[in-house]
Amino acid sequence: MGGTASKLPKDLLSEYQELTFLTKQEILLAHKRFSELQGRENGPYSSRVSMEKVLTLPELKSNPFRKRICHVFSTSDLRDGSLTFEDFLDLLSAFSDSATLEIKSHYAFRIFDFDDDGTLDARDLEKLVNCLTGETDDTRLTVEEMRQLISNILEESDIDKDGTVNLSEFQHVISRSPDFVSSFKIVL
Amino acid sequence: MELREFNNQVHPTPDYPSPYGSQHSLRLRTVPPQETSAVQFDWASPPEDAEDSNEPPNLRELPLHMGLKRAVWQVQQMKIPVVSSSWNIKQSQTFRRFCEVAKHVLSYFVLWKRGIQKIGGHFGGGVQSYFLFLRFLVILNFLSSLLIAGFVLIPSIVFRSMNFNSTIPTTVNLTGVEICLQYDPKPDTLMVFITYFLDLISGTGFMEYSYLFYGYYTNFNSMVESNGFSYNIPLAYLLTAAFYFLFCFICMIIRMGGTARVAVVTGGGATGGYSALVFTGWDHGLQEDRTTKLKQSNFRYRLQVDLEEERLKKKSASLTLSQTVSLYALRVFLNMVVLILIGATFYGIAKATQFSQLMKTTGFKGLVLQYLPSMVITASNFVVPLLCDKIALLEKYSASTTVILALLRAVFLRLVSLGVLLYTLWEQITCEGDISKQNCIPCNYYYDEYKCWETRVGQEMYKLTLFDFLITIATLILVEFPRRIVVDHCSCKLTQWVGRQEFLVAPNVLALVYSQTVVWTGALFCPLLPFINTIKFILFYFCKKITLFQNCQPATRNFRSTTSNFFFLLVLLFGWMLATMVLLYSVTKIHPSYGCGPFRFSPTMWEVVPQAAEMLNSTSAEFLFYMGSQKFSIPLFIFSCVLLCYVSALTSVHGKSVALLKSQCKLEQRDKQFLVRQIEELNATVQKEQREPQQPQRETDTATRWNQHDNYAFDRDEDPRPY
């Protein structure tokens, strides 16, 4: 193992620039941070970093959705949330400054879909609210408040009244909110 | 855009990864949780339509992971060899690359980008919006000071250094007003240091007769015959001031444009926004454990408050008549109290201004007297909003209404107190508008007191700016740092209850709006004031950042950034309007000083413009006079009203279309459910027939199940499971 950090080859760099919303500087910075996570310096393009290591990044460490984010962007067959460098780039691209509203809302929907069934039902919403308010017992809402909140949410956003929020309805709610694009952002 | 988007979502276009897999999962929803691995939604289904488009789909916007995107890209590359379209594609690609490079280069020039990002990460979006607003004002002031320097300051310096004498135009009749021409502010050459310092702070003495104030500029014009070059300084002065106001107005409108569109679309409002709050409320840029926990408790607080408000609303709809009447009576009474409080403040400011204008002591006592109006305004701006907050608690409004009401009262107080100060000055200078009064007889303004009234007004604005800056720095050093030291090191109950300073965004933004309004009001009389303000705001940025990180805890109450951004810009616009009124009045109505300034021989400041227009050739002069006349302005006004009506009609039509499409969506889903049930019924009866062919077919009544709401989705490819 030499002391020199491996550099990203130019054609790969331009390919990543073409396929993601990241700029050249951002891709190089991501490469550097990912190599540090790995501890090795050669060929991180297809080898995986486990979820625990990824969650040591300061940008993800305190995010209550960190595990869901890793699961959503992971392409691992074992579904263990481990990320390759390309998954990492996908993550940063979706959370970047220049990503479109459609991409951000698509991935937000997948992150909030805790049981991965393609819609947000009452159980998903309850887990979502618990993530937002804190997971411990004294920070949760009461059962009564949770019930009132979930019925309000479904009443507002479930247009076709099937008891769940699907992707289109979710994107409709998102499109009316002005702060979403600026808050759905992670920058290294 | 909204209509098309909505249409696309109701009937998704084929290149959208179609959720065929969802039908599997919805039907399997009753499977117990241990088997959820079988219920995974398949998001990796490739897009269906990859050809037949003149432009290739933008790969970044496909929500697939990198391997699949690469595959799509390679397929695209293979399809490209049609000659003409490949040139187009290359063009668009190079253009896109160029835009990216340009954006990247420009991002280096964004002021304080990293600092503000760090602030957002640690303290959230609300505090960040304050710093973004501050940055906007810094840039605005800097550009304005460049404008003024270029057109007014530098030519004045150049001409003065070339030793031109100011000429008295022959057309002016100066009999009877010789007394008004006397104005001698030249300072003593020998000065004690303390006098020097006092002069610096109050704008008198050596500061008075300098480029800082209006009085130093003279009416150089029509000169340098040798080069055939002439520069009309009075005209430049006036037009630069007008253009400065216009420039600020355009910048504010552009900035409001984005936030206004968004604020109108979303509407705002606390109750009814639950889904938006839950889906979009989390700020993923937050990076610290402490901040995250605070944000979570913030969230919980806000949700609980909103739910509580909803319950209260339902309850209050059932208040008895006597309770409602008493509540409204209480509110009216408290509003009267607030008005009396504000009225008393205004009276105090007026009295203080009159007193300080008429007293003439020098030295330290004189300095205190000169700063008396500023002190009274600052004190009232501090005390009265506190009292208003306490009063608002008694009024029993909902939480969001209370916040808005408090902000409105504070804004009203600040801007109108400045207005009272200006009114008092005007009263004194123009003898209450009546130029036939004893004091105003020869010169049309109060000559004895105000030998150069524009400079005096400029000095007042200069003092207000400086005092505001000193108070902020003093608060920082004398209040916030000690508070943090006491709270951190002394652990008695009182200090823990008081706690660390919280960075309240709204009062800080209102302070910025107030400073900016003062600068706008004073810019005509003190041309270097925007430059001073730029430096002041830059120092504010660094001081506020230091105090934020050292002394403050993140706000426990949430702060809606975008509707509030719009509100702050709106308040800034009100301040601008106040300043514009002052400008227009002083330019057109009050007689400029005879003793000083570039307009000393015109009856009003505005007169230089028609005079200059007359000197142009006849067609241009006629055109300009036509533009200023009523024949032009009234049709223009009518036209803009028509445009406004058209745009608002368009908005309401769009709103109605959205409602219509929503109900259409509901109906379509009902149709789908009905058809699914019919098919299931048919399948069930067919299967039953296959198993028991002898039994007669039973007619099932599908119409009765029309109104049930079940989770079935329409799927052609899979056999329905028998339930």
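Everything discussed here concerns the structure shown above.
Let me sum up the structure you'll find in this document. Please read all numbers here as calculations on a predicted model, not as lab measurements.

A short note on the nonpolar core
Residue and element names in this part refer to chain B.
Phase 1: By size, the foremost hydrophobic cluster in this structure holds 113 residues, and its most contacted members are Phe131, Phe133, Trp453, Trp520 and Leu572.
Phase 2: No other element matches helix α6 (residues 125–161), which puts 13 residues into this core.
Phase 3: If we skip the residues at most four places from it in the chain, Phe131 touches Ile116, Ile119, Phe503, Tyr541, Lys544, Lys545 and Leu548.

What about a positive patch on the surface?
Phase 1: Judged by side-chain charge, Lys161 and Arg176 of chain A together with Lys662, Lys666 and Arg670 of chain B come together as a positively charged surface patch.
Phase 2: Mapped onto the elements of the fold, Arg176 of chain A is located in the loop between α10 (167–175) and α11 (180–183).
Phase 3: A relative accessible area of 34% means that Arg176 of chain A is categorised as partly exposed.

Some points on the environment of Leu212 of chain B
All names here are of chain B.
Phase 1: If you trace the backbone, Leu212 turns up in the loop between α7 (193–202) and α8 (233–266).
Phase 2: With relative accessibility at 7%, the residue Leu212 sits in the buried group.
Phase 3: A sequence separation of 59 residues divides Leu212 from Leu153, and the C-alpha atoms of the two residues are 9.6 Å apart.
Phase 4: The contacts of Leu212, once residues within four sequence positions are left out, are Met207, Tyr462, Phe525, Cys526, Pro527, Leu528 and Ile532.

Re the packing of aromatic side chains
Two descriptors summarise a pair of aromatic rings, namely the distance from one centre to the other and the angle between the planes of the rings.
Phase 1: Throughout the structure, instances matching the rule amount to 32 aromatic pairs over all chains.
Phase 2: Arranged with centres 6.4 Å apart and planes meeting at 20°, the rings of Phe112 of chain A and Phe279 of chain B form a pair that is stacked. A residue pair is termed interchain when its members come from two chains, as with Phe112 of chain A in helix α7 (residues 101–112) and Phe279 of chain B in helix α9 (residues 274–280). Here the two residues Phe112 of chain A and Phe279 of chain B agree in accessibility, since each one is buried.
Phase 3: Summarising the aromatic geometry, the rings of Trp112 of chain B and Phe542 of chain B are spaced 6.0 Å apart at their centres and angled 80° between planes, so their arrangement reads as edge-to-face. Within this pair, whereas Trp112 of chain B is found in the loop between α4 (83–108) and α5 (113–123), its partner Phe542 of chain B is found in helix α18 (residues 529–551), the two being separated by 430 residues in sequence.
Phase 4: In this structure Phe542 of chain B comes out as partly exposed when scored by relative accessible area, which is 41%.
Phase 5: Through a chain of ring-to-ring contacts, the aromatic side chains of Phe65, Phe109, Phe112 and Phe170 of chain A together with Phe279, Trp282 and Phe299 of chain B assemble into a single cluster.
Phase 6: Seen from the ring of Phe114 of chain A, Arg68 of chain A lies directly overhead, with NZ or CZ sitting 5.7 Å from the centre.
Phase 7: Residue placement shows Arg414 of chain B over the ring face of Tyr514 of chain B; its charged tip is 5.4 Å from the ring centre.

Rules used throughout
Residues numbered from 1 in each chain as written. Chains lettered and ligands numbered in written order. Predicted model: local features only at pLDDT ≥ 70, side-chain atom pairs only at ≥ 80, totals over all residues. Heavy atoms only, no water. Core = buried A, V, L, I, M, F, W, Y, C linked by side-chain atoms within 4.5 Å. Buried < 20%, exposed > 50% of the residue type's maximum accessible area, 1.4 Å probe, protein only. Helix = DSSP H or I, 4+ residues; strand = E, 2+ residues; numbered from the N terminus. Contact = heavy atoms within 4.5 Å. Patch = residues over 30% accessible without salt bridge, like charges linked within 9 Å, V, L, I, M, F, W, Y side chains within 5 Å. Areas by Shrake-Rupley, 256 points an atom, 1.4 Å probe, with all protein chains shown as cover. Salt bridge = Lys/Arg side-chain N within 4 Å of Asp/Glu carboxyl O. Lys, Arg positive; Asp, Glu negative; His and termini not counted. Charge placed at Lys NZ, Arg CZ, Asp CG, Glu CD. Phe/Tyr/Trp six-rings, centres within 6.5 Å; stacked < 30°, edge-to-face > 60°. Lys NZ or Arg CZ within 6 Å of the ring centre and 35° of its normal.

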